[in-house]
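The chain contents come next:
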Amino acid sequence: MTINSEKSVPQDESEQVSRSPTDSDQEKGVHSSYVDMMAERSYANSAIKMYFFNSVDRSNLGNAKTDGMDKDLGFVGEQYSLLILLFYIPNGLCDLPLNMLTKRWSGKIVLPSLMVGWGASALLQCATMNFEGILVMRLLLGADENLRSGFEAGFFAGTVFYLTLFYTRGELGFRIAIFFGSALLAAAFSGLISYGVFQINDPHVQGWKWLFIIEGTMTIIVSTMAFFWLPAAPDSAWFLTTQEKAAAKARSLRDSSGVVGTEFNLRECFQIWKNWKFFPWCVISFTYPVAFITTSNFLPQIVQRLGYSVVKTNLWTVAPNAVGFVVLLCVSYSSDRLRERTFHIVFALCISLTGMIILAAIDVLRHKGVAYFACFMMAAGAYIPSCLVHSWHNNNNLNENSRAATTGLLVGLGNLGGILSAATFRTEYAPKYVPTLIATSCCNATCIVFTLWLGVWMKWENKRRNREMGVKLRAEDVDTNELDHGERSEKWRYFT
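Residues numbered from 1 in each chain as written. Predicted model: local features only at pLDDT ≥ 70, side-chain atom pairs only at ≥ 80, totals over all residues. Heavy atoms only, no water.

Before going further, it helps to examine the overall build of the chain. Helices and strands together make up the secondary structure of the chain, namely 20 helices and 2 strands. Within the chain, contacts between residues separated by at least 24 positions form 81% of all contacts whose residues are at least 6 apart in sequence. As displayed, the chain has an accessible area near 19,100 Å², and 65% of this comes from carbon and sulfur atoms. (Helix = DSSP H or I, 4+ residues; strand = E, 2+ residues; numbered from the N terminus. Contact = heavy atoms within 4.5 Å. Areas by Shrake-Rupley, 256 points an atom, 1.4 Å probe, with all protein chains shown as cover.)

Take a nonpolar patch on the surface next. There is a patch of nonpolar side chains on the surface, built from Leu101, Trp105 and Ile109 and spanning about 290 Å² of accessible area. Checked against the element boundaries, leucine 101 lands in helix H4 (residues 79-105). You can call leucine 101 partly exposed: its relative accessible area is 32%. (Patch = residues over 30% accessible without salt bridge, like charges linked within 9 Å, V, L, I, M, F, W, Y side chains within 5 Å. Salt bridge = Lys/Arg side-chain N within 4 Å of Asp/Glu carboxyl O. Buried < 20%, exposed > 50% of the residue type's maximum accessible area, 1.4 Å probe, protein only.)

Once that is clear, we can look at the nonpolar core. When a protein is soluble and globular, its nonpolar side chains tend to lie buried together. Counting residues in each nonpolar core, the largest one holds 94 residues, and the members touching the most others are Met69, Phe75, Phe179 and Phe180. Discounting residues that sit within four places of it in the chain, phenylalanine 180 has contacts with Tyr51, Phe156, Phe292, Leu328, Tyr383, Ser386 and Cys387. Among the nonpolar cores identified, the runner-up in size contains 19 residues, and Met356, Met378, Ala382 and Tyr433 belong to it. (Core = buried A, V, L, I, M, F, W, Y, C linked by side-chain atoms within 4.5 Å.)

By the element assignment, tyrosine 88 lies in helix H4. Judged by relative accessible area, tyrosine 88 falls into the buried class, the value being 3%.

Our focus in this paragraph is the side chain of threonine 287. By secondary structure assignment, the location of threonine 287 is in helix H12 (residues 278-287). Residue classification places threonine 287 among the buried positions, given a relative accessible area of 6%. Polar side-chain contacts of threonine 287 include one of 2.8 Å to the backbone oxygen of valine 283. Non-local contacts of threonine 287, meaning those with residues more than four positions away in its chain, are made with Cys443, Thr446 and Cys447. (Polar contact = N/O pair within 3.5 Å; in protein donor to acceptor, adjacent residues only side chain to side chain.)

Here the focus is unusual backbone geometry. In this model, serine 106 sits at a positive phi of 85°, which is unusual for a non-glycine residue. Along the chain, serine 106 turns up in the loop between H4 and helix H5 (107-124). For serine 106, a relative accessible area of 16% translates into the label buried. Positive phi is not limited to glycine here, since arginine 339 has a value of about 50°. Take arginine 339: it is sitting in the loop between helix H15 (318-338) and helix H16 (342-361).

What follows concerns the packing of aromatic side chains. Per the counting criterion, the structure on display carries 21 aromatic pairs. With a centroid separation of 5.4 Å and 75° between ring planes, the pair formed by phenylalanine 292 and tyrosine 383 is classed as edge-to-face. Note that phenylalanine 292 is positioned in helix H13 (residues 289-304) and tyrosine 383 in the loop between helix H17 (368-382) and helix H18 (384-395), a separation of 91 residues in sequence. By the burial criterion, phenylalanine 292 is buried, and tyrosine 383 matches it. Look at tryptophan 457 and tyrosine 494: their rings are 5.4 Å apart centre to centre, the planes differ by 65°, and that puts the pair in the edge-to-face class. Placement of tryptophan 457 in helix H20 (residues 434-469) and of tyrosine 494 in the segment after H20 is noted, with a sequence separation of 37 residues between them. Residue class for tryptophan 457 comes out partly exposed when judged on its relative accessible area of 23%. (Phe/Tyr/Trp six-rings, centres within 6.5 Å; stacked < 30°, edge-to-face > 60°.)

In an α-helix, one turn spans 3.6 residues; hence positions three or four apart end up facing the same way. Across the 10 residues that make up H12, a large majority, 8, are buried. Buried within H12 we find Phe278, Pro280, Trp281, Cys282, Val283, Ile284, Ser285 and Thr287.

Moving on, we get to the packing of H12 against H20. The relative placement of two packed helices is expressed as an angle between their axes plus a distance between the axes. In the contact formed by H12 and H20, the axes pass within 9 Å of each other and the chain directions differ by 145°. Judged by the twist between their axes, the crossing of H12 over H20 is left-handed. Across the interface between the two elements, Phe279, Pro280, Trp281, Val283, Ile284 and Thr287 from H12 touch Cys443, Thr446, Cys447, Phe450, Thr451, Trp453, Leu454 and Met458 from H20. Here the contact of H12 with H20 is built from residues that sort into 11 nonpolar, 3 polar and no charged. (Axes fitted to C-alpha atoms, helices over the stretch in contact; angles between N-to-C directions. Left-handed = near helix turned anticlockwise from the far one by under 90°. Nonpolar A, V, L, I, M, F, W, Y, C, P; charged D, E, K, R; others polar.)

Structurally, isoleucine 109 can be placed in helix H5. On the accessibility criterion, isoleucine 109 (43% relative accessible area) is partly exposed. In sequence terms isoleucine 109 and phenylalanine 228 are 119 residues apart; their C-alpha atoms lie 9.9 Å from each other.

Scanning the model with the defined rule gives 14 salt bridges in all. Note that glutamate 340 and lysine 459 form a salt bridge whose closest N and O atoms lie 3.2 Å from each other. Here glutamate 340 is found in the loop between H15 and H16, whereas its partner lysine 459 is found in helix H20, with 119 residues between them in sequence. Between lysine 491 and glutamate 482 there is a salt bridge, with its nearest N and O atoms 4.0 Å apart. Lysine 491 sits in the partly exposed class, given a relative accessible area of 41%.

For the rest of this paragraph, the subject is the layout of surface pockets. By volume, the largest pocket amounts to about 670 Å³. Together, 27 residues line the largest pocket, and Gln271, Ile272, Asn397, Gly486 and Glu487 are the ones closest to its centre. Secondary-structure elements contributing two or more residues to the lining of the largest pocket are H12 and helix H19 (400-424). (1 Å grid on protein atoms, 1.4 Å probe; cavity = no way out; pocket = protein on both sides within 12 Å on 5 of 7 lines; lining within 4 Å. Points joined across faces, edges and corners; volume = space filled by probe spheres on them.)

Attention now goes to the confidence of the model for the chain. For the chain, the mean per-residue pLDDT works out to 83, and 84% of the residues sit at or above 70. Counting contacts from residues 140-150, a segment whose pLDDT is below 50, to residues more than four positions away or on other chains yields 44 contacts. (pLDDT = per-residue confidence, 0-100.)

Next up on the list: the environment of serine 332. One can find serine 332 in helix H15. In this structure the C-alpha to C-alpha distance between serine 332 and arginine 175, which are 157 residues apart in sequence, comes to 8.6 Å. Those residues in contact with serine 332 that lie beyond four places of it in its chain are Gly173, Phe174, Ala177 and Leu388. In this structure the side chain of serine 332 is engaged in a polar contact, spanning 3.2 Å, whose partner is the backbone oxygen of leucine 329.

Below is the structure:
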């Protein structure tokens, strides 16, 4: 975890050295910037492991289908698409209240509890014998994305809010990317697990059932451990010294929050929802996840269109997700280093948009190489906005209660946006799934327009304020604890 022991003019993070602050540093008010690698590993590894297994469980339905789960359970018509679609309705509705509970009771309690719930429900999927059984199991026990989505729903939103308590605005995008990137590794890991598990020749238990058993069990084990290692906030982090806890608070007041450690306040949760900018935030958050959901849920089916066997299909999903992980880290690191969100988000949306247009336009069986390259483009661009969009709106929100509620709502809108992907990915559209690709492309184009509108306006507004004051201030030049009136403060500058 990066710690600045005293507030000062921000330095290039590349100049940080690995040392701890001395008492004399703090007594003299000397700026001490250092990286405590033990603290960074202890905290970051906790969130990464938890979301990794969340994503493994989330993506295993697509892998299971390639092993014939739909045939074993007697699926007909659009029943598979229905199972996918049902995930997003309760998932989207549960994000807001669960994120407010994360603020009320802390991530230490809420996040591992959610993880236990979805791990158990993922494990119980192996008990189903037909479509009616898996539907009821998913509705009642959560193995479907209904009750299960109640468990999964608040996890990403809760963790994004949770990360804002530990990291400054110039660090948040890359940290969310490391955390969220575990979803890409999980997709690749799930493909590798599926590759091995589907070769098990058990006359009584099908390979896809073994997949649910193995991945669900691992999730329960990790979630139990998380109750003990996950801290509620920096001031209660077991891996930080007293000096580091004080430094963490100073960092948050310098470049994250107006006030640190506020009590839960329902009125503050909704204080920015009347602002005109809340509408474009909602449109952006509703449209950008559609490409991510199309890629994560249906990449195995898209690769399967190339005509390969079950084993090769799952194996060939690994490389696009691995490349997507590397691109995600590079773009998010650049965004943090340059303290710029708008054009980085647009860049990512354009990459995934190009991949989808290629897949919709070509005959994938005649041009397998081009189609597979398009899968790489989808994976390279589809995941980045999930990190940078939620970094961006949190960067411009200094109130902890408001951040919790707003993040919950916007992540929930994204999950509701997944309905567009699931509803158009229908059996009758196979093997090209052109309506799905067209709908997803339209969402990407809409998101690009609204992102440019909001981002360019913020950049213009910053310049206007500088002209009126006769200064050249940037967002990082003003301590956030000095901005008592938020956007109405004279020194306020948008993080763009």
